[in-house]
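Fold and contact review
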Amino acid sequence: MRILVTGGAGFIGSHLIDRLMTDGHEVICLDNFYTGHKHNILKWLNHPYFELIRHDITEPIRLEVNQIYHLACPASPVHYQYNPVKTVKTNVLGTMNMLGLAKRVKARFLLASTSEVYGDPEVHPQVEEYRGSVNPIGIRSCYDEGKRIAETLAFDYHRQNDVDIRVARIFNTYGPRMLENDGRVVSNLVVQALRDIPLTIYGDGSQTRSFCYVSDLVEGLMRLMNGDHIGPVNLGNPDEYTILELATAVQKLVNPQADIKFEPLPQDDPRRRRPDITRAKTWLNWEPTIGLQQGLKMTVEDFSSRIKGDQRIAVTELG
Ligand code: NAD
Ligand code: UDP
């Protein structure tokens, strides 16, 4: 199959491309390199079945493909809040352009949506039927509401134009290739522990998240794309941790001497988040296989090798 991955030079997209290329597909990666990097897909650049196109999805493009994994959108609050209007354009205009492409060439279209559509949830764990509690005018809205309208667009193109859609609601995902300056909690804590600087916890650290290792997530995305259910389907690891527990785990694994520093909680920061994955289990026969300890260890190894040259690194035994 010829498969388009938008945002393919990013964290999740590049892991997805590794799997698709290994499975023998022809892959087109579309990216404007806002948070993505060529080095994430370096090993495929000269492969005859691989094509990289530098393109901003807010502009239309004509391509012939069978499937579209639509991942293009900055995912870290730091990056999506840097230029919020652009984030909205990427989610609205960009998703419309990609759905228009899917409609024209009759490609199956998978939207990488997010647990953020649930906002600061009153229902716990979050089931797909829950409609969410999202602030439409806050600093996270460009992303949360952007993804909600992206879902709306996907379902309207499906109902109105018969586009074959799949919608994944992805929960916090981590792993190798996250940017050092990504700003999300796992990468921040790991980099801080490796550099022997205080681990930053926003608020009192009692807020929770559920962390999914990237290879598990990619498996879920591919099962959804190639299965019969359009979704939405939650994809995430239901093991829930407070941010303080996560920091302690990173501290123990990387640098027991590292200090912890408490900083103000950002506006609208969700208090808790955990996926109900009953749909993913029954529809896709999918559930995560990699626990936090194992996933953190692989993530720390990757960050450690990337910033090895740095004199300040203080790595102790890795597990
Ligand atoms: P990422 O920032 O590493 O990747 C996003 C990619 O999209 C980057 O390569 C970036 O350059 C590209 N991009 C951004 N705007 C673009 C535009 N206008 N045109 C073309 N390319 C553009 O993020 P990620 O963690 O890999 O997330 C991938 C997708 O999964 C995103 O849609 C995100 O919303 C979704 N998601 C991720 C998580 C997570 O925890 N990582 C959770 C929920 C949803
Ligand atoms: N967070 C933190 N320290 C950091 C970065 C983030 O305590 O250095 C917190 C953040 O306030 C949030 C949680 O960790 O409560 C997850 O943040 P992240 O940005 O990774 O993802 P999201 O909030 O989008 O789930």
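The structure presented is a predicted model; accordingly, all values stated were derived computationally and were not measured.

1. Details of the site of ligand 2
- Taken together, 17 residues lie around ligand 2, and Asn188, Tyr202, Arg209, Asp269 and Arg273 are the ones closest in.
- A distance of 2.7 Å is found between an oxygen atom of ligand 2 and a side-chain nitrogen or oxygen belonging to arginine 209.
- Contact between ligand 2 and aspartate 269: an oxygen atom at 2.5 Å from a side-chain N or O atom of the residue.
- Against a free-state accessible area of 520 Å², the protein chains account for coverage of 96% of ligand 2.
- Here the shell around ligand 2 takes 3 residues from strand E8 (residues 199-202), the largest share from any one element.
- Within the shell around ligand 2, the residues separate by chemical class into 6 nonpolar, 5 polar and 6 charged.

2. Side note on the pairing of strand E2 (residues 26-31)
- By the criterion of burial, E2 is predominantly enclosed, with 5 of the 6 residues buried.
- With 5 bridges connecting them, strand E1 (residues 2-6) and E2 associate as parallel partners. Bridge pairing in E2 places isoleucine 3 opposite valine 27.
- Between the parallel elements E1 and E2, the chain passes through helix H1 (residues 11-22) in a crossover that is right-handed.
- Inspection of the sheet shows E2 paired to strand E3 (residues 50-54) by 5 bridges, in the parallel sense. When the sheet's bridge partners are listed, aspartate 31 is paired in E3 with arginine 54.

3. Quick look at the sheet that holds strand E5 (residues 108-114)
- Judged by pairing direction, the sheet is parallel, and its 7 strands sit side by side in the order E3-E2-E1-E4-E5-E6-E11 without closing on themselves. Only two strands of the sheet have a single partner each, and these edge strands are E3 and strand E11 (233-235). The average angle at which neighbouring strand axes cross in this sheet is 20°, direction not considered.
- The pairing of E5 with strand E6 (residues 165-170) spans 6 bridges and is classified as parallel. Of the residues in E6, the one forming a bridge with phenylalanine 109 is isoleucine 165.
- Strand contacts of helix H3 (residues 84-105): E1, E2, strand E4 (67-70), E5 and E6, with the helix running at about 170° to E4, the strand carrying the most contacts.

4. What about the nonpolar core?
- Within the largest apolar cluster, 61 residues are counted, with the highest numbers of intra-cluster contacts made by Ile17, Tyr69, Leu221, Leu235 and Leu296.
- Sequence-distant contacts of tyrosine 69, that is, excluding residues within four places in its chain, are made with Ile3, Leu4, Val5, Thr6, Leu16, Leu20, Leu110, Leu221, Met222, Met225 and Asn226.

5. What to know about the site of ligand 1
- Neighbouring residues of ligand 1: 29 residues in total, closest Asp31, Thr35, Tyr143, Thr173 and Arg184.
- One of the backbone nitrogen or oxygen atoms of phenylalanine 11 is found 2.9 Å away from an oxygen atom of ligand 1.
- At 3.0 Å, a backbone N or O of isoleucine 57 approaches a nitrogen atom of ligand 1.
- Breaking the shell around ligand 1 down by element, the ones donating at least two residues are H1, E5 and helix H4 (141-161).
- At 3 residues, the largest contribution of residues to the shell around ligand 1 is made by E5.

6. What to know about the pattern of salt bridges
- Under the defined criterion, the tally for this structure stands at 25 salt bridges.
- Here arginine 271 and aspartate 120 are joined by a salt bridge, their closest N and O atoms 3.0 Å apart. Of this pair, arginine 271 sits in the loop between strand E13 (260-263) and helix H8 (278-284) while aspartate 120 is found in the loop between E5 and H4, placing the two residues 151 residues apart along the sequence.
- Here arginine 274 makes a salt bridge to glutamate 240, at a shortest N to O gap of 3.9 Å. Within this pair, whereas arginine 274 is found in the loop between E13 and H8, its partner glutamate 240 is found in strand E12 (residues 240-242), the two being separated by 34 residues in sequence.
- Judged by its relative accessible area of 31%, arginine 274 falls in the partly exposed class.
- Each of the salt bridges in this network shares a partner with another, and the network as a whole consists of Glu116, Arg140, Arg209, Asp269 and Arg273.

7. Comments concerning helix H9 (residues 292-306)
- Between its terminal C-alpha atoms H9 stretches 21 Å, which fits the 21 Å expected from 15 residues at 1.5 Å a residue.
- Those residues of H9 not exposed but buried are Leu292, Gly295, Leu296, Thr299, Val300, Asp302, Phe303 and Ser304.
- Buried residues in H9 make contact with strand E7 (173-174), helix H5 (185-194), strand E10 (212-213), E12 and helix H7 (243-254).

8. Description of the packing of H5 against H9
- For the pair H5 and H9, interaxial distance at closest approach is 10 Å and the crossing angle is 60°. On the basis of the axis angle, H5 is oblique to H9. Here the hand of the crossing between H5 and H9 comes out right-handed. In this structure, H5 uses Val186, Ser187, Val190, Val191 and Leu194 to contact H9, whose residues at the interface are Leu296, Thr299, Val300, Phe303 and Ser304.
- Of the residues belonging to the contact of H5 with H9, the class tally is 7 nonpolar, 3 polar and no charged.

About the thresholds
Residues numbered from 1 in each chain as written. Chains lettered and ligands numbered in written order. Predicted model: local features only at pLDDT ≥ 70, side-chain atom pairs only at ≥ 80, totals over all residues. Heavy atoms only, no water. Near = heavy atom within 4 Å. Polar contact = N/O pair within 3.5 Å; in protein donor to acceptor, adjacent residues only side chain to side chain. Areas by Shrake-Rupley, 256 points an atom, 1.4 Å probe, with all protein chains shown as cover. Helix = DSSP H or I, 4+ residues; strand = E, 2+ residues; numbered from the N terminus. Nonpolar A, V, L, I, M, F, W, Y, C, P; charged D, E, K, R; others polar. Buried < 20%, exposed > 50% of the residue type's maximum accessible area, 1.4 Å probe, protein only. Pairing = 2+ DSSP bridges. Right-handed = clockwise from strand over helix to strand, strands pointing away. Axes fitted to C-alpha atoms, helices over the stretch in contact; angles between N-to-C directions. Contact = heavy atoms within 4.5 Å. Core = buried A, V, L, I, M, F, W, Y, C linked by side-chain atoms within 4.5 Å. Salt bridge = Lys/Arg side-chain N within 4 Å of Asp/Glu carboxyl O. Expected span 1.5 Å × (residues − 1). Parallel < 35°, antiparallel > 145°, perpendicular 65-115°, else oblique. Left-handed = near helix turned anticlockwise from the far one by under 90°.

By themselves, these are just geometric observations and shouldn't be taken as functional.
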